[in-house]
Amino acid sequence: WEFNGSFYQPSAFLMMGIPGLEALHPWISIPFCALYLTALVGNCVILFIIRKTQSLHEPMYYFLSMLAVTDLGLALCTLPTTLGLFWFNVRRIGFDACLTQMYFIHILSFIESSVLLAMAFDRFIAISHPLRHPSILTKTTVLKIGLAIVLRGMVSLLPIPFLLKRLTYCGKTELSHSFCFHPDIMNLACADIKVNVFYGMIILLSTVGMDFIFIVLSYILIIRTVVSLTTKEECLKALNTCVSHICAVLVFFIPMIGLSMIHRFGKNVPPLVNTLVAYTYLIIPPALNPVIYSIKSTHIREALLRALRRKRG
């Protein structure tokens, strides 16, 4: 402990694995390894295919590349502490290291939310204004959107580590997960955390909350456009281009909203439920997104098959 008058700060926190199943951690690590491997290999393959295939140099696939990079970052943020705990029972994480991990986890989560919104906007323009799509979403515009997304996440979350460092901590130092999460750290403080709660809620609602609302609005407008199409085939073709994105949105937002609600209002929720939702939120989307897009996107699938044939030849 570091002591300065009445100010206490732990030198480290203790991470938790899956409560009640500590003896099975080595076995539980097997599906986690499979998910991490799928996330790392799958997203790298997506990036490689898009980079090497000239026909995929379009706004939809540029945004998909951003999503793949974000998913890689999320997987790499939690992999060392999660597998370190499951394999070697390394529970200790330094205070500053914990804040750093927390900052990048939240930044990448906010970036993923914004990228999904950008992808929804791309689908809306492509379906509602197909002739104007190339002129609206040029390479320069896509690059500017990407930079704005990153800056938005970095700036909005910059105060969070400093708000946590100013708090006095006492008693418990055990985190609820094998990674650092803002509400989790905040709840270990024995000081007034109203500022942290208020700022965290405002930032969450003004970023991820607004992104989700605009994604829903985009799909309402898309459905209105699709309904006006003359034939059933055109209608199904237009909707089919959105299936992958809808799956990615559901896989990301449902566990994220669930975890936020549990941390803020679910004091009586069993620890196992809290842990499973947290892992679903941070590990499942990076692993599933490349699988979803590889299966549902004809262009990605064909480019992947061509690359495999060239390698065999």
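Computed from a predicted structure; not experimentally measured.

K.L.:
Quick one: what's the story with the state of the cysteines, residue by residue and with numbers?
P.N.:
As enumerated under the stated definition, the model contains 2 disulfides in all. With its sulfur 1.9 Å from that of its partner, Cys98 forms a disulfide with Cys180. In this structure, the disulfide formed by Cys98 and Cys180 twists by about -120 degrees around the S-S bond and is classed as left-handed. One end of the pair, Cys98, is in helix H3 (residues 95-128); the other, Cys180, is in the loop between helix H6 (159-165) and helix H7 (182-186), with 82 residues separating them in the sequence. In this pair, the class of Cys98 matches that of Cys180, namely buried. Between the sulfur atoms of Cys170 and its disulfide partner Cys190 the distance amounts to 2.3 Å.

K.L.:
Could you give an account of the packing of helix H10 (residues 243-265) against helix H11 (residues 271-296), naming the residues involved and the relevant values?
P.N.:
Where H10 contacts H11, the axes come no closer than 9 Å and their chain directions differ by 170 degrees. Classified by the angle their axes make, H10 and H11 are roughly antiparallel. Its residues placed into classes, the contact of H10 with H11 shows 18 nonpolar, 7 polar and 1 charged.

K.L.:
Describe the environment of Thr241, naming the residues involved and giving the relevant values.
P.N.:
By secondary structure assignment, the location of Thr241 is in the loop between helix H9 (232-240) and H10. Its relative accessible area of 33% is what places Thr241 among the partly exposed residues. Measuring from C-alpha to C-alpha, the distance between Thr241 and Arg123 comes to 7.8 Å, with 118 residues separating the pair along the chain.

K.L.:
Describe the packing of aromatic side chains, listing the residues and the values that go with them.
P.N.:
Within this structure, the stated rule accounts for 13 aromatic pairs. Summarising the aromatic geometry, the rings of Tyr103 and Phe104 are spaced 5.7 Å apart at their centres and angled 70 degrees between planes, so their arrangement reads as edge-to-face. In this structure Tyr103 comes out as buried when scored by relative accessible area, which is 13%. The interplanar angle of 85 degrees and the centroid separation of 5.1 Å between the aromatic rings of Phe252 and Phe253 together place this pair among those described as edge-to-face. No difference in accessibility class separates Phe252 from Phe253, as the two residues are buried. Put simply, the rings of Phe181, Phe212, Phe252, Phe253 and Tyr281 touch in pairs and so form one group of aromatic residues.

K.L.:
Explain the UniProt feature "transmembrane region" (unreviewed entry) in the protein residue by residue, including any values.
P.N.:
The sites that carry the UniProt feature "transmembrane region" (unreviewed entry) are, in the present numbering, residues 24-50, 62-88, 100-121, 142-164, 197-222, 243-264 and 276-295. Overall, residues 276-295 shows 100% helix and 0% strand. The separation of its end C-alpha atoms is 26 Å.

K.L.:
Describe the environment of His25, and please don't skip the residues or the numbers.
P.N.:
In this structure, His25 sits in helix H1 (residues 25-52). Separated by 156 residues in sequence, His25 and Phe181 place their C-alpha atoms 21 Å apart. With residues up to four places along the chain from it excluded, the contact list for His25 reads Gly17, Ile18, Leu85 and Phe86. Here Ile18 takes part through its backbone nitrogen, which lies 3.1 Å from a polar atom of the side chain of His25.

K.L.:
Let's hear about a nonpolar patch on the surface: which residues, and what values?
P.N.:
On the surface, Met210, Phe212, Ile213, Phe214, Val216, Leu217 and Ile220 cluster together into a nonpolar patch covering about 570 Å² of accessible area. Relative to the elements of secondary structure, Phe214 occurs in helix H8 (residues 194-227).

K.L.:
Tell me about the side chain of Thr82, residues and numbers included.
P.N.:
Mapped onto the fold, Thr82 is located in helix H2 (residues 59-88). Look past the residues within four positions of Thr82 in its chain and what remains in contact with it is Phe32, Tyr36, Ser178 and Tyr279.

K.L.:
Give a detailed account of the nonpolar core, specifying residues and quantitative values.
P.N.:
The biggest cluster of nonpolar side chains holds 86 residues, and the ones touching the most others in it are Phe13, Leu64, Leu116, Leu164, Tyr169, Leu175 and Ile185. For this core, the element with the most residues is H3, which contributes 18 residues.

What counts as what
- Residues numbered from 1 in each chain as written.
- Predicted model: local features only at pLDDT ≥ 70, side-chain atom pairs only at ≥ 80, totals over all residues.
- Heavy atoms only, no water.
- Disulfide = S-S within 2.5 Å.
- Helix = DSSP H or I, 4+ residues; strand = E, 2+ residues; numbered from the N terminus.
- Buried < 20%, exposed > 50% of the residue type's maximum accessible area, 1.4 Å probe, protein only.
- Axes fitted to C-alpha atoms, helices over the stretch in contact; angles between N-to-C directions.
- Parallel < 35°, antiparallel > 145°, perpendicular 65-115°, else oblique.
- Nonpolar A, V, L, I, M, F, W, Y, C, P; charged D, E, K, R; others polar.
- Phe/Tyr/Trp six-rings, centres within 6.5 Å; stacked < 30°, edge-to-face > 60°.
- UniProt positions renumbered as here; feature names shortened; annotations may be inferred.
- Contact = heavy atoms within 4.5 Å.
- Polar contact = N/O pair within 3.5 Å; in protein donor to acceptor, adjacent residues only side chain to side chain.
- Patch = residues over 30% accessible without salt bridge, like charges linked within 9 Å, V, L, I, M, F, W, Y side chains within 5 Å.
- Areas by Shrake-Rupley, 256 points an atom, 1.4 Å probe, with all protein chains shown as cover.
- Salt bridge = Lys/Arg side-chain N within 4 Å of Asp/Glu carboxyl O.
- Core = buried A, V, L, I, M, F, W, Y, C linked by side-chain atoms within 4.5 Å.

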